[in-house]
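Residues per chain are reported as follows:
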Protein chains: 2
Amino acid sequence: MTEADPTHAPLFEHPAFLLGQLGFHTAGRFADLLAPIGIGPRHFGMLRLLRDHDGQSQQQLSEMLGIHRNVMVGLVDDLEKRELVERRKHPTDRRAHAVYLLPAAHEMLARAYEAVDGLEAELLASFDERDIATLLGLLQRLATANGLRRGIHPGLTSERISPPPCG
Amino acid sequence: MTEADPTHAPLFEHPAFLLGQLGFHTAGRFADLLAPIGIGPRHFGMLRLLRDHDGQSQQQLSEMLGIHRNVMVGLVDDLEKRELVERRKHPTDRRAHAVYLLPAAHEMLARAYEAVDGLEAELLASFDERDIATLLGLLQRLATANGLRRGIHPGLTSERISPPPCG
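Quick caveat, the model's predicted, so the values are computed rather than measured.

Any chance you could explain empty space enclosed by the protein here in plain terms?
One way to see where empty space is left: roll a probe the size of a water molecule over the atoms. Using the criterion set out here, one finds 3 cavities of 30 Å³ or more in the structure. The volume enclosed by the largest cavity comes to roughly 250 Å³. Lining the largest cavity are 21 residues; nearest its centre among them are A:Phe30, A:Pro41, A:Phe44, A:His153 and B:Phe17. Sorting the residues of the lining of the largest cavity by element identifies helix H1 (15-34), helix H2 (41-52) and helix H5 (103-123) of chain A together with helix H1 (15-34) of chain B as the ones contributing at least two each. The dominant element in the lining of the largest cavity, judged by the number of residues it contributes, is H2(A), at 5 residues. Residue composition of the lining of the largest cavity, by class: 12 nonpolar, 8 polar and 1 charged.

Right under this line is the structure:
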């Protein structure tokens, strides 16, 4: 009823629109599920990357991961305030500080992964295994073809520090 | 290399993560493609709905479309300043104002639909017709099962007036 357009296909027929809708919905639900833990999606994304690259300098992390330096420094500051990471002197580069996860961060990550599993179960509740496998394959191809980096959300790497106007 | 986690599947294996990534990317690219026209994705979403419901009061629009009243009033104000819509006295409800599209809005919408087509072509460049049809069907089912309304972006209907932290 809301798409009575004689000249254009309804937005419901556009994969780009549906991806935007579902991406916004998913990000919002993920934020909801993380809220009781006290972190946001960006903290999760950053903690997960820091865990895999424990003890690197911010400069190294920024270059290696392609994460915008301002975004990273802001997030590391925030995580340090929450006592989830600490900056210590870099073992080989005296001028640099390396970022280390504190034990609380590992616990936090385990709880955040439970939120990821919960989100996925909720989102895909109506799909069977075959649907999920087909969807996964198509989304992986689409992400790769559009230059998205494996496991790194563009909200971390983009120069769009504030989210784009998704709505 | 960035997902060396012994206990959890890489995020690249999670449809929810990929939807978040692709949704953020798509919203950002749509904003890029609309920028030369001088509007954002939310203006497009609102103009498109107003065109299909021309001459309704804001109250009617808010109820019928499930669009958060604050979001709608703000967007109509903005569109009015841009001389794309105007508020006139509602023909039957003296206390209400109806919202009407001005001719410039129809021209703007036609240009915005070109941006939609361009976005879709870019996003799906590596897919053949069958891939696109499969993806479309799965995304439509997912959107419906998760309570998303046809052709209405949750950024318009949600009480999340500011976008959630997508990153």
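Explanation requested: the environment of A:Val99 in the structure shown.
All names here are of chain A. Of note, Val-99 is situated in strand E2 (residues 97-101). The buried category is assigned to Val-99, whose relative accessible area is 1%. Setting aside residues up to four positions removed in sequence, Val-99 forms contacts with Leu-50, Asp-54, Gly-55, Gln-56, Gln-58, Leu-61, Val-76, Val-85 and Glu-86.

Would you mind showing me how to read the environment of B:Ala125 here?
All names here are of chain B. When you line up the elements, Ala-125 lands in the loop between helix H5 (103-123) and helix H6 (129-145). For Ala-125, a relative accessible area of 62% corresponds to the exposed category. Put simply, Ala-125 and Ala-115 are 10 residues apart on the chain and 15 Å apart in space, counted from C-alpha to C-alpha.

Explanation requested: the nonpolar core in the structure shown.
In globular proteins that are soluble, nonpolar side chains generally tend to be buried together. Membership of the largest hydrophobic core comes to 96 residues, with the highest contact counts inside it found for A:Phe44, A:Leu47, A:Leu50, B:Phe44, B:Leu47 and B:Leu50. Here B:Leu50 is in contact with B:Leu61, B:Val76, B:Leu79, B:Val85, B:Val99 and B:Leu101, once residues within four sequence places are set aside.

Can you help me understand helix H3 (residues 58-65) of chain B in this one?
The periodicity of an α-helix, 3.6 residues per turn, causes residues three or four positions apart to be oriented the same way. All names here are of chain B. Those residues of H3 lying buried are Gln-58, Leu-61, Ser-62 and Leu-65. The buried residues of H3 all sit within an arc of 100 degrees when viewed along its axis, so they share a single face. Phi turns positive, to about 65 degrees, at Gly-66, one or two residues after H3.

What am I meant to see in helix H2 (residues 41-52) of chain B here?
All names here are of chain B. The end-to-end C-alpha separation of H2 is 17 Å, in line with the 16 Å expected for 12 residues at 1.5 Å each. Of all 12 residues that make up H2, 12 are buried, and the element is covered over most of its length. Turning to H2, its buried residues are Pro-41, Arg-42, His-43, Phe-44, Gly-45, Met-46, Leu-47, Arg-48, Leu-49, Leu-50, Arg-51 and Asp-52.

Help me out: how do you make sense of the packing of aromatic side chains in this one?
All names here are of chain A. A full pass over the atoms with the stated rule returns 4 aromatic pairs over all chains. Where Phe-30 meets Phe-44, the ring centres are 5.5 Å apart and the plane angle is 85 degrees; that geometry is what we call edge-to-face. Of this pair, Phe-30 sits in helix H1 while Phe-44 is found in helix H2, placing the two residues 14 residues apart along the sequence. The exposure class of Phe-44 is buried, given its relative accessible area of 3%. Members of the aromatic cluster, connected to one another through ring pairs, are Phe-30, Phe-44 and Tyr-113. The ring of Tyr-100 carries the charged tip of Arg-88 above its face, separated from the ring centre by 3.8 Å.

What's the story with the packing of H2(B) against H5(B) in this structure? I'm lost.
Two numbers describe a pair of packed helices, the interaxial angle and the distance between the axes. Residues and elements named next belong to chain B. Running from N to C, H2 and H5 point in directions that differ by 125 degrees, and their axes come no closer than 10 Å. In terms of their interaxial angle, H2 and H5 are classed as oblique. By crossing handedness, the relation of H2 to H5 is classed as left-handed. Contacts between H2 and H5 pair Phe-44, Leu-47, Arg-48 and Arg-51 from the former with Ala-105, His-106, Met-108, Leu-109, Ala-112, Tyr-113 and Val-116 from the latter. Here the residues of the contact of H2 with H5 sort into 8 nonpolar, 1 polar and 2 charged.

Looking at this structure, how should I read the relation of the copies chain B and chain A?
The operation relating the two chain copies consists of a rotation about an axis and a shift along that axis. Screw-axis analysis of chain B against chain A gives a translation of 0.0 Å along the axis, an RMSD of 0.0 Å, and a rotation angle of 180 degrees. Here the symmetry operator amounts to a two-fold rotation axis. Of the C-alpha atoms belonging to chain B, the one lying closest to the rotation axis is found on B:Gly23, 2.0 Å away.

Sorry if this is basic, but what is going on with the pairing of strand E2 (residues 97-101) of chain B here?
The side chains of a regular strand alternate, first on one face of the sheet and then on the other. Residues and elements named next belong to chain B. With 4 of 5 residues buried, E2 lies mostly within the body of the structure. In terms of strand pairing, strand E1 (residues 85-89) meets E2 through 5 bridges, oriented antiparallel. By the bridge assignment for E2, Arg-87 is matched with Val-99.

Got a minute to help me understand the interface of chain B and chain A in this structure?
One widely used convention gives an interface's size as the accessible area the parts lose upon coming together. The interface of chain B with chain A comprises 74 residues on the first partner and 74 residues on the second. Summing both sides of the interface, chain B and chain A together bury roughly 7500 Å²; the carbon and sulfur share of this comes to 69%. Where chain B meets chain A, there are 2 salt bridges. Where B:Arg141 meets A:Asp131, a salt bridge forms, and the shortest distance between an N and an O atom there is 2.8 Å. At the junction of chain B with chain A, the criterion picks out 16 residue pairs in polar contact (both at pLDDT 80 or more). Put simply, the parts of the chain that give the side of chain B that touches chain A at least two residues each are H1, H2, H5, H6 and helix H7 (154-157) of chain B. For the side of chain B that touches chain A, the leading source of residues is H1(B), giving 17 residues. Taken together, the residues of the side of chain B that touches chain A break down into 38 nonpolar, 19 polar and 17 charged.

Conventions and cut-offs
Sequence order as written defines residue numbering, which begins from 1 separately in each chain. Here the convention is simple: chains get letters from A, ligands get numbers from 1, in the order in which they are written. Where local features are concerned, this predicted model is filtered to residues with pLDDT of at least 70; where side-chain atom pairs are given and counted, the filter is 80 or more; whole-chain, interface and lining totals use all residues. By convention in this description, side-chain values take in all heavy atoms of the structure and omit both hydrogens and water. Buried and open spaces are told apart on a 1 Å grid over the protein atoms alone, a cavity being a set of points where a 1.4 Å probe fits but cannot get out and a pocket being an open set with protein on both sides within 12 Å along at least five of seven lines. Residues with an atom within 4 Å of a point are the lining residues. Grid points are joined across faces, edges and corners, and a volume is the space filled by probe spheres set on the points. In this text, helices come from DSSP runs of H or I with a minimum length of four residues, and strands from runs of E with a minimum of two, each type numbered from the N-terminal end. Each residue receives one of three labels: charged for Asp, Glu, Lys and Arg, nonpolar for Ala, Val, Leu, Ile, Met, Phe, Trp, Tyr, Cys and Pro, and polar for the others, Gly being one of them. Relative accessibility under 20% of the residue-type maximum defines a buried residue, over 50% an exposed one, and the middle range a partly exposed one, all with a 1.4 Å probe and only protein chains included. Contacts between residues were defined by any pair of non-hydrogen atoms, one from each residue, lying within 4.5 Å. Residues belong to a common nonpolar core when they are buried Ala, Val, Leu, Ile, Met, Phe, Trp, Tyr or Cys residues joined through side-chain atoms within 4.5 Å. Note: the arc covers the axis-to-C-beta directions of the helix. Every helix has an expected span of 1.5 Å times one less than the residues it contains. Two rings belonging to Phe, Tyr or Trp (six-membered ring only in the last case) form a pair when the distance between their centres is within 6.5 Å. Interplanar angles under 30 degrees mark stacking, angles over 60 mark edge-to-face geometry, and anything in between is tilted. Criterion for a charge above a ring: Arg CZ or Lys NZ at most 6 Å from the ring centre, at most 35 degrees from the ring normal. For every element, the axis is a line fit to its C-alpha atoms; helices are fit only across the contacting stretch, and the angle between N-to-C directions ranges from 0 to 180 degrees. Should an angle fall under 35 degrees it is taken as roughly parallel, and over 145 as roughly antiparallel, whereas 65 to 115 is taken as roughly perpendicular and any remaining angle as oblique. The sense of a crossing depends on the near helix, which, turned anticlockwise from the far helix by less than a right angle, makes the crossing left-handed and, turned clockwise, makes it right-handed. The copies are overlaid by a least-squares fit using only the C-alpha atoms of residues whose pLDDT is at least 70 in both copies. Note on pairing: DSSP must find at least two bridges between two strands before they are called paired. A 1.4 Å probe defines the accessible area here, and the buried area is the portion of it lost by two parts on being joined, summed over both. Think of a salt bridge as a Lys or Arg side-chain nitrogen and an Asp or Glu carboxyl oxygen that are within 4 Å of each other. The term polar contact refers here to a pair of N or O atoms within 3.5 Å; inside protein, the definition further demands a hydrogen-donor-capable atom paired with an acceptor-capable atom, and it admits residues adjacent in sequence only when both atoms are side-chain atoms.

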